[in-house]
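# Tertiary structure, described
Below, each chain spelled out in residue letters.
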Amino acid sequence: MRFSFVHAADLHLDTPFRGIGRAAEYVSEALRDASLEAFDRLVELAIDRDVAFVLLAGDIYDGPERGVRAQLRFYRGLERLNDASIYSFVVHGNHDPLLTGWSAIRDTWPDLVKVFGHDRVDQFVIEKDGEPFAIVHGISFSQRAEMENLALRYRRSEMQCFQVGMLHCNVGGNVEHDPYAPCTLADLKRANLDYWALGHIHARQILSEGHPWVVYPGNLQGRGPGPGELGEKGAFVVEVDGRTAHTPEFVPLDVVRFERLALDVGQISDLPELERALQDKAGQLQGSLGGRSMILKPVLTGSGPLHADLAREGTLNGLLQDLRDEAGEGVPFLWWEPIVDQTRAALDFQSIRRRGDFAGELLALADQLGTDQEARRQFVGAALAELQVGELEANGVAVPDGSDPECLREAATAALELLAGAE
Amino acid sequence: MRITGWHVGGFGLLADQTVQDLPAGLTVVHGPNEAGKSTMLAFIRGVLFGFPDGRSSERRYPPLRGGQPGGRLLIESEDGRWIIERSGTPFRLAISMPGGAIGSKEDLSGLLGGADKELFRNIFAFSLEELSEFHALEGEKVRERIFATPVIGAARSPSEASRALDNQRSKLLKPRASSEINDLKRLLRDTERAMREAQRVAASYPRAVRAEQEAAREVERLSRAWNETQAEVAHYERLSAAWPDWSERSSAVEELAQIQVPDGVAQDAAQRLDEVLADIREARRGLRERQDELSGHLTRLEKVSVDDRLPPLAAEAKDLAARLSVHEADRQRLSEVKVALEVEESKVHGELIILGPSWDRERVARLDVSIPTADEVRTWSGRITEAKDRERRLALAIDESGNELASHANERARLERELREFVDVERLQVLDESERRARRVSAFVADRAQTETKLEYAARTLEDRRMTIAALPVRSSASGPSPNVLLGLAALLALFAITMAVARQWLAAGGLAAAAVAIIAVGIWGSAARGAGPPVVAEQPGAAEALREAQASLERQKAQLLDLDAQIAEAASDLALPAKPSPLDVEEALARISNQRDTRTRADELSRQIGSVVAKVREIEDRLLELNGELGSARAESGELVKEWSVWRAARGIPEPLAPELVTDLFTSVHRCRESLGQLSGKEREERELRRQLEDFEAAGGQVLAAAGGELSTGPALLTDLRILYGRVIDDEGARKDQRGLEAAIEGTKRDVEEVEDELRTAEARGAEILAEAGAADEAELRAFVSRLVRRGQLEEKVAGCDRRIEAQIGRGRDADELRTELDAGAVSEWELRRQEVAEQAESLHVQRDEAVRCHQDSKQETARIGESSDVARLETEAEGIRQQLSEAISRWNMATLARSLIEATLSRFEREHQPKVVARASVLFKDVTSGRYQHLVARDGILEALDEHDVRIDAGSLSTGTVQQLYLCMRFGLAEEFAERGTSLPLIMDEVLVNFDPERARAMARAIVDVSARYQVLLFTCHPETVKTMQEISPEVRVIELARYGANASKLVLQEAVVR
């Protein structure tokens, strides 16, 4: 039998976008609704493609305190799928574990919606005209920090039909994500299913192509300028013929696209040229957006004559404001995030080390601290004691680790640039 | 570097002061008070680092004794000689570097080793007061200048960098004050608080749902209660509403029971009786009207009168009446016709007079003036006219030809007269021949001129060749050209030279003259040579051959010339020219011939014209002859034609001698006369007819009037009588018509009366029948019966109506029955009372229910608001944005803090590692100066201490003034050495630094100064001679410069050498 299904995960409905500075009102407004509109697009896709079922592999909401708006929007979406005779299968993940938080929905899901429980792997048989054609296996997180290898609980049913496993997990120990429900590819293959519909990793990837397909669709809407949140976001549509799934077709569904724009300023002579270069690159990115809005984080690297200009107070802000003014406020919009200046003055560190003067001594001190972890820890601890890191971390602020050798190296470079008059 | 001299333009007390050749090592500048020593110190500082301006609190030294403000220093460095000048208003810096290049501030800074004014003042150039300022030693620049140097160039000192980082840090984070991180933290707290509130509100969604449901249930309960009370109120209202009907019904029923009506009484009996009575009344009324009408008709009929005589005459009378107008018109017309007759007769008479006495009406009528005849007349006219025209044309042509002939004759005479003036003109052929000859002569002349030129050339050639031969060794020979030939040639050349001179060709003239002279000379020489014996040409065959050839050529030219002369003479004689005509003669001859040619041409032309005129005259004469012939013929034809016309005319009785044109006019007149005659006849006929008609009418009219009993009349009276008669006829007809109408109406009215009487009888019978049916004796009784019957019906109707209304109000069924029972009881007041009570309850419940509905709406809105609220997401996003900003700010703060810490740590390290050297140096010096009283100096934690001989630490601040000055001086020396090691080697300039020292220590310090001066330049300013003496004692080679009081001095100071002892 031929049918198709949609595989999505990590909806993070009503997610608070991270890594973005305070944006203009129209940007905030667009972001507020982005995750919900992306979900609406997912529902439309499923209805337009007349799929048999939709798989939502965890992290439907962004936190255990599930906002009412997100829950109601989710419910209405599943209701529409139900009205279109499309099944919906849901497993919960670390951001929306079953036993944490509260639900406004209670037990009033539409008939064709199946939310998998947390105590065991359930199986749901899908039939057409009395003939089963697919089985969906799934289990949800009960708590946020699910450390069990839940993949080991999955087993293929004896029924001869296409069998899908849904699991929110971390395959292969991806360090960029929490190590919840850790498992390996071998663990997944051992279950002998036809398709693994995974969730948790936001970067889209296919770990195995056939026998079985092991697929992370990535999240539905990028949540910030972090590495796993950039580029196209959406879901997979999978065509199945009997027990064979064809190559999943990726369909972008995101409403706002996050991108990073790295630019080496080495060959750029002045700020107008820099601005033009940034705008040109942004224009190239905009061409592939398909009418979407974009939030762009520019990162300037390299060393050149511009470094001193960029280091002056107000230059980056002024450039940022000009870029934003030029981009305007139309929809779709282009929103420039604060510019990250990673440029450096052209300092000859080896020469400085040889000089033996104050700068050389400073650099020697930094080198020494760079190799002596304890000394560095004490040095940094004394220097940063004023900061009250605990209070900040308690408020969820990501406090950079000052004792990181790279941080100390950058501080030494900044000191030398200051002394050299390059800043 | 060291200062080798200076020039002060104008600075305080100093003016125009120059010092040169300052040596390295120690120089003592000695001068009393107000000699300008301190001024000199300030001058040196100012030139090197800048003079204070108006914004500085430092003392300024305006030139008190004139001169250009400022001055210059002469400096010697490793690279060479520098000149640093600051002068002018405002001060302008000018730097001359070694080699004469113009230097910049950066160059000066490099020369000064990166030192600034403060450092120079604190370490190198200080006064007594500044000596005591220890904090100067603690200054950051001193510290950093001691322990650090700029990283790259002189951009920023570590202290400046540290301060800049502190500035960044304080902007980012400031304890208990507003800063970026604190502000963000506060904002984050507020946002999280709002978010928690939003989350709390969101979490209250289920509660909100329950509240909404509860409110809905309350609304339902109150609605139910209210409905019940409303029902009860309605119950009592129904009773009250039904009670009037019920009461009324009861009365009706009671009355109904009392009414008695006989059976046969129909309800409509009264109505029918009324209808019958109405019919009776109507019939009686109609009868009366008919009868009145009948009597009226009869009355009118009696009044109608007619005349029996008139009907037979009516038609004719009407006809005559109708013809009255016509008759009047005829009478009028007759008058007009009579007048017209007179006019026509007059016209005819006039026409006949025009035609002539022989013309009468008969003749006019008889004459054939038909169209064919008229056409014939016109044809005759045309023919005759044409013939006459031809005659005239011919005559005109003959006249014109005659004129033309005369004109040509005149022209011929004129041409012949002109031709007679050209006499003795040669013919053209002769002239052509003459011209040809003249041109031959011209050609000959030209050839001759050319031949002459060739002859001259041949002569020159001959001479040249002779001269060539002459140049050879010659022997006498009898050969050679004759002197005559040479002479001729020379003459010819001279002639050409003259010609050239005339033509102002001086060069050619000169050449030719020279050649002529040369030829003469050659001839003379040749003659002389021949005189000595015939010259013999040297044996040279080529030259002789050439000579012979030249001679032959010359002879040829001569012969040709002679030939040409002969030809010219012959040709010229034919033309009456001189034998040797000049080109001008020839030209004149040609011109003459040309003139003759023109004259000949003109004469020929005249002859040709005369011939042409003659031919023309002949032609005209021939034409004239022909025309005359034609004219004769035309006249004959014309005469014949006239004759034929006359014959024709006579045959038709047309009077003679009318020409065709006049006949046409005659015909026209005859036509007019005929027309008039026709008019006249017509009028006469009309007159007759009119008379007849008038007479007939009058006859008929008279007959009719007579028949009608009237008198006979005529004329207008007849017309009047006829009109009257017509009126009588019309009236009589009208009366008769009325009479007939009335008779018909009377018959109709009589029939109507009969009908109405029948109707009356019928209605009366119906009325009696109705009374009999109802058993009533009379109408009144019947009405009474009917009235009762009606009343009974009304009551029954009322009862039925009450029943309907009651049913409509209370319905049917058991409830209605119960209501009826209650109605029957009739407790109206109780019902009202109870109704009021229940109504009040309903009102209260209504208010409660409204409140419950409002609460329900509110809770629904609250539920929806929570469900749709994006506050949580918004605030979460906002909080994340703040956290991101915080993280970035913290990162920047970390960076600034760590960088600053690195700088401070490095500074401390430098202090720890390098400071001891300075202190050690100072310690040695101090020990010497204090003669061992203090063994060491220690610097710790920024405090300087001295260790005495017992190792007791004494804070420097506790030492005596002199001792501390000594200590500070030693420290400065140590620092100066340290700076020098690091590349900042500047002269030490000290102003009165030894005054507070006792002689022993002063001497010891002097030794130290001398010792330092062995390595660095030292300028010591003092006003004390003993200091000078001490210095000289310790270092006899010390240089001393004397300054006079007030700074006055010669333009150049004299460097006083120390007296060497």
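For the structure itself, look to the data block above.
All values reported here derive from a predicted model rather than from experimental measurement. (Residues numbered from 1 in each chain as written. Chains lettered and ligands numbered in written order. Predicted model: local features only at pLDDT ≥ 70, side-chain atom pairs only at ≥ 80, totals over all residues. Heavy atoms only, no water.)

### Comments concerning a negative patch on the surface
A surface patch of negative charge is lined by Glu621(B), Asp622(B), Glu626(B) and Glu630(B). The residue Glu626(B) is located in helix α18 (residues 583-651) in this model. (Patch = residues over 30% accessible without salt bridge, like charges linked within 9 Å, V, L, I, M, F, W, Y side chains within 5 Å. Areas by Shrake-Rupley, 256 points an atom, 1.4 Å probe, with all protein chains shown as cover. Salt bridge = Lys/Arg side-chain N within 4 Å of Asp/Glu carboxyl O. Lys, Arg positive; Asp, Glu negative; His and termini not counted. Charge placed at Lys NZ, Arg CZ, Asp CG, Glu CD. Helix = DSSP H or I, 4+ residues; strand = E, 2+ residues; numbered from the N terminus.)

### Quick word on the sheet that holds strand β12 (residues 213-216) of chain A
Residues and elements named next belong to chain A. Ordered in space as β5-β6-β7-β10-β12-β11, the six strands form an open sheet in which the pairing is mixed. Two strands in the sheet have a free side with no partner beyond their single neighbour: β5 (122-128) and β11 (205-208). For this sheet, the mean angle separating the axes of adjacent strands, direction not counted, is 20 degrees. Two elements, strand β10 (residues 195-199) and β12, share three bridges in a ladder whose sense is parallel. Residue pairing for β12: Ala 197 is matched across the bridge by Val 215. (Pairing = 2+ DSSP bridges. Axes fitted to C-alpha atoms, helices over the stretch in contact; angles between N-to-C directions.)

### Overview of the pairing of strand β7 (residues 162-168) of chain A
Residues and elements named next belong to chain A. Within β7, seven of the seven residues are buried, leaving the element largely enclosed by the surrounding structure. Across the two faces of β7 the burial is the same, with Phe 162, Val 164, Met 166 and His 168 and Gln 163, Gly 165 and Leu 167 all buried. Looking at chain direction, strand β6 (residues 131-138) and β7 are connected through five bridges and run parallel. Note on β7: the bridge partner recorded for Gly 138 is Met 166. When β7 meets β10, the two strands line up parallel, connected through five bridges. Looking at the pairing, Val 164 lines up with Tyr 195 of β10. (Buried < 20%, exposed > 50% of the residue type's maximum accessible area, 1.4 Å probe, protein only.)

### Digging into the interface of chain A and chain B
Between chain A and chain B, the contact holds 59 residues from the first and 60 residues from the second. Together, the buried faces of chain A and chain B total about 5,200 Å²; carbon and sulfur atoms form 66% of this surface. Linking chain A with chain B are three salt bridges, by the criterion used here. Taking the shortest distance from any N to any O, the salt bridge between Glu391(A) and Arg189(B) comes out at 3.8 Å. (Contact = heavy atoms within 4.5 Å. Buried area = accessible area lost by both parts, 1.4 Å probe.)

### Side note on unusual backbone geometry
Among all residues save glycine, negative phi is the norm, and among peptide bonds the norm is trans. Across the junction of Val331(A) and Pro332(A), the peptide omega takes the value 0 degrees, indicating a cis bond. Here Pro332(A) is to be found in the loop between α6 (315-327) and β18 (334-336). Cis geometry is adopted by the peptide bond preceding Pro90(B), which originates at Thr89(B) and carries an omega value of 0 degrees. For Pro90(B), the position within the fold is in the loop between β5 (81-87) and β6 (92-96). Its identity as a non-glycine residue notwithstanding, Asn192(A) has a phi of 65 degrees, on the positive side. Relative to the assigned elements, Asn192(A) resides in the loop between α3 (185-190) and β10. Classification of Asn192(A) by relative accessible area gives partly exposed; the value is 47%. Although it is not a glycine, Arg176(B) adopts a positive phi angle of roughly 55 degrees. Relative to the helices and strands, Arg176(B) resides in the loop between α7 (158-172) and α8 (180-203). Overall, the relative accessible area of 84% leaves Arg176(B) in the exposed class.

### Let's talk about the packing of aromatic side chains
Within this structure, the stated rule accounts for 30 aromatic pairs over all chains. Ring centres of Phe5(A) and Phe162(A) lie 6.0 Å apart, and the angle between their planes is 40 degrees; on these two criteria the pair is classed as tilted. Of this pair, Phe5(A) sits in strand β1 (residues 2-8) while Phe162(A) sits in strand β7, and the two are 157 residues apart along the sequence. Across this residue pair, the class does not change: Phe5(A) and Phe162(A) are buried. Aromatic side chains Tyr61(A) and Phe74(A) sit 5.8 Å apart centroid to centroid with 80 degrees between the ring planes, which places their arrangement in the edge-to-face category. Residue Tyr61(A) is found in the loop between β2 (53-57) and α2 (68-83), and its partner Phe74(A) is found in helix α2; the two are separated by 13 residues along the sequence. The class of Tyr61(A) is buried, set by a relative accessible area of 4%. Accessibility expressed as a relative area gives 2% for Phe74(A), which makes it buried. Pairwise contacts between aromatic rings join Phe3(A), Phe5(A), Phe53(A), Tyr87(A), Phe89(A), Phe116(A), Phe124(A), Phe133(A), Phe162(A) and Tyr195(A) into one cluster. Above the plane of the ring of Phe250(A) lies Arg204(A), whose end atom (NZ or CZ) is 3.6 Å from the centre. Sitting over the ring of Trp380(B), Arg383(B) keeps its end group 4.9 Å from the ring centre. (Phe/Tyr/Trp six-rings, centres within 6.5 Å; stacked < 30°, edge-to-face > 60°. Lys NZ or Arg CZ within 6 Å of the ring centre and 35° of its normal.)

### As for the sheet that holds strand β8 (residues 125-127) of chain B
All names here are of chain B. Read from one edge to the other, the open sheet built from five strands follows the order β8-β12-β13-β3-β14, with strand pairing classed as parallel. Here the strands that pair on one side only, and so sit at the sheet edges, are β8 and β14 (1039-1042). Strand-to-strand twist of the sheet, defined as the mean angle between neighbouring strand axes without regard to direction, takes the value 15 degrees. Sheet topology note: the strand β12 (residues 988-991)/strand β13 (residues 1018-1022) ladder contains four bridges and is parallel. Bridging from a neighbouring strand, Asp 991 pairs with Phe 1021 of β13.

### Regarding the packing of helix α11 (residues 310-355) of chain B against helix α19 (residues 660-707) of chain B
Residues and elements named next belong to chain B. Running from N to C, α11 and α19 cross one another at 155 degrees; their axes reach a closest spacing of 6 Å. The pairing of α11 with α19 is recorded here as roughly antiparallel in orientation. Seen from above, α11 lies across α19 with left-handed handedness. In terms of residue class, the contact of α11 with α19 is built from 23 nonpolar, six polar and 17 charged. (Parallel < 35°, antiparallel > 145°, perpendicular 65-115°, else oblique. Left-handed = near helix turned anticlockwise from the far one by under 90°. Nonpolar A, V, L, I, M, F, W, Y, C, P; charged D, E, K, R; others polar.)

### Comments concerning α6(A)
Residue and element names in this part refer to chain A. The terminal C-alpha atoms of α6 lie 18 Å apart, and with 13 residues this matches the ideal 18 Å at 1.5 Å per residue to within 8%. For α6, every residue scored as buried is listed here: Thr 315, Leu 319, Leu 320, Leu 323 and Arg 324. Down the axis of α6, the sector holding all buried residues measures 165 degrees, keeping them to one side. In α6, those exposed residues whose orientation departs by more than 90 degrees from the buried face are Asn 317 and Asp 325. Two residues or fewer past α6, Gly 328 is found with a positive phi of approximately 75 degrees. (Expected span 1.5 Å × (residues − 1). Arc of directions from axis to C-beta.)

### Re the pattern of salt bridges
All names here are of chain B. This model, assessed by the stated rule, comprises 102 salt bridges over all chains. A salt bridge links Arg 692 to Glu 689, with the shortest nitrogen-to-oxygen separation between them at 2.2 Å. Of this pair, Arg 692 and Glu 689 both sit in helix α19, three residues apart, which is roughly one turn of that helix. Given the relative accessible area of 41%, Arg 692 is considered partly exposed. Through salt bridges with shared partners, one network takes in Glu 282, Arg 285, Glu 289, Arg 290 and Asp 752.

### Quick word on the packing of helix α8 (residues 358-371) of chain A against helix α11 (residues 405-420) of chain A
Residues and elements named next belong to chain A. Remark: α8 packs on α11, axes separated minimally by 9 Å, with the N-to-C direction vectors making an angle of 175 degrees. With respect to α11, the element α8 is oriented roughly antiparallel. Of the residues in α11, those touching α8 at Phe 358, Ala 359, Leu 362, Leu 363, Ala 366, Leu 369 and Gly 370 are Pro 405, Leu 408, Ala 412, Ala 415, Leu 416 and Leu 419. For the contact of α8 with α11, the residue count by class is 12 nonpolar, one polar and no charged.

### Section: the pairing of β6(A)
Within β6(A), six of the eight residues are buried, which leaves it mostly tucked inside the rest of the structure. What sits between the antiparallel neighbours β5(A) and β6(A) is a turn of two residues, in which Asp129(A) has the positive phi angle 55 degrees.

### Digging into the nonpolar core
Trp6(B), Phe43(B), Ile44(B), Leu967(B), Leu969(B), Phe973(B) and Met1005(B) are the most contacted members of the largest nonpolar core, which has 89 residues in total. A total of 11 residues in this core trace back to one element, the largest contributor, which is helix α25 (residues 961-981) of chain B. Those residues within four positions of Leu967(B) in sequence are excluded, and the remaining contacts are Phe926(B), Leu937(B), Leu944(B), Ala946(B), Ala956(B) and Leu959(B). Of all hydrophobic cores here, the second largest spans 48 residues; its members include Leu369(A), Val380(A), Leu392(A) and Val397(A). (Core = buried A, V, L, I, M, F, W, Y, C linked by side-chain atoms within 4.5 Å.)

Honestly, it's all geometry; don't read function into it.
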